[in-house]
Amino acid sequence: MCPCPFCCSIAFLLSPLFLFKGPRKWLKKKLSFHHKHCETCQNAEHEHCKEAHIKCTCERCKHKK
């Protein structure tokens with residue numbers, strides 16, 4: 001799970017809204033936007049990929065190619 005306080009609070013507080021299709025699409029869009037622009041999220045994703053020896057999907061590595 002992402003160590004970012006924003007992602008953690010959204011996942012914990014708004015998780016009941018994932019049961020409904022409309023709010024689920026809205027939350028996924030908001031979380032995706034936040035995750036791509038948050039330095040904490042991107043660093044965590046980069047470290048996870050490096051430790052798991054998988055292709056990194058963070059924005060920094062995507063733009064290197």
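Refer to the preceding data block for the structure.
Remember, predicted model here, so these are calculated numbers, not experimental data.

How two helices sit against one another is set out by the angle between their axes and by the gap between those axes. Where helix α2 (residues 21-37) contacts helix α3 (residues 39-52), the axes come no closer than 5 Å and their chain directions differ by 80 degrees. Taken together, the axis directions place α2 and α3 in an arrangement best described as roughly perpendicular. Contact residues: H34, H35, K36 and H37 in α2; E39, C41, Q42 and E45 in α3. Its residues placed into classes, the contact of α2 with α3 shows one nonpolar, four polar and three charged.

Judged by nonpolar contacts, C2, C4, C7, C38 and C41 together constitute the single largest core of five residues. If sequence neighbours within four positions are ignored, C4 has contacts with H34, C38, T40 and C41.

Turning next to the environment of K36. Tracing the backbone shows K36 in helix α2. The class for K36 is partly exposed, based on a relative accessible area of 43%. In this structure the C-alpha to C-alpha distance between K36 and C58, which are 22 residues apart in sequence, comes to 7.7 Å.

Here the focus is a nonpolar patch on the surface. On the surface, L17, L19 and F20 cluster together to form a nonpolar patch covering roughly 320 Å² of accessible area. Looking at where F20 falls in the secondary structure, it is placed in the loop between α1 (5-13) and α2.

With that out of the way, let us pick up the pattern of salt bridges. Summed over all chains, the structure comprises two salt bridges. Between E59 and K62 there is a salt bridge, with its nearest N and O atoms 3.7 Å apart. Of this pair, E59 and K62 both sit in helix α4 (residues 59-64), three residues apart, which is roughly one turn of the helix.

This brings us to the environment of C7. With respect to the secondary-structure elements, C7 resides in helix α1. Once the C-alpha coordinates of C7 and H34 are considered, the two residues, 27 residues apart in sequence, prove to be 8.3 Å apart. Excluding anything up to four places from it in sequence, C7 contacts C2, H34, H35 and C41.

Before going further, it helps to spend a moment on α3. For α3, spanning 14 residues, the distance from its first C-alpha to its last is 20 Å, which sits close to the expected 20 Å at 1.5 Å a residue. Three or more residues of α3 are buried, namely C41, Q42, E45, H46 and C49. All buried residues of α3 lie within an arc of 135 degrees about the axis, which places them on one face of the element. Turned more than 90 degrees away from the buried face of α3, the exposed residues are E39, K50 and E51. In this structure, the buried side of α3 is in contact with α1, α2 and α4. Directly after α3, the chain includes H53, whose backbone phi takes a positive value near 55 degrees.

Reading the values: the criteria
- Residues numbered from 1 in each chain as written.
- Predicted model: local features only at pLDDT ≥ 70, side-chain atom pairs only at ≥ 80, totals over all residues.
- Heavy atoms only, no water.
- Axes fitted to C-alpha atoms, helices over the stretch in contact; angles between N-to-C directions.
- Helix = DSSP H or I, 4+ residues; strand = E, 2+ residues; numbered from the N terminus.
- Parallel < 35°, antiparallel > 145°, perpendicular 65-115°, else oblique.
- Contact = heavy atoms within 4.5 Å.
- Nonpolar A, V, L, I, M, F, W, Y, C, P; charged D, E, K, R; others polar.
- Core = buried A, V, L, I, M, F, W, Y, C linked by side-chain atoms within 4.5 Å.
- Buried < 20%, exposed > 50% of the residue type's maximum accessible area, 1.4 Å probe, protein only.
- Patch = residues over 30% accessible without salt bridge, like charges linked within 9 Å, V, L, I, M, F, W, Y side chains within 5 Å.
- Areas by Shrake-Rupley, 256 points an atom, 1.4 Å probe, with all protein chains shown as cover.
- Salt bridge = Lys/Arg side-chain N within 4 Å of Asp/Glu carboxyl O.
- Expected span 1.5 Å × (residues − 1).
- Arc of directions from axis to C-beta.

Such coordinate-based values are descriptive only and should not be taken to indicate function.
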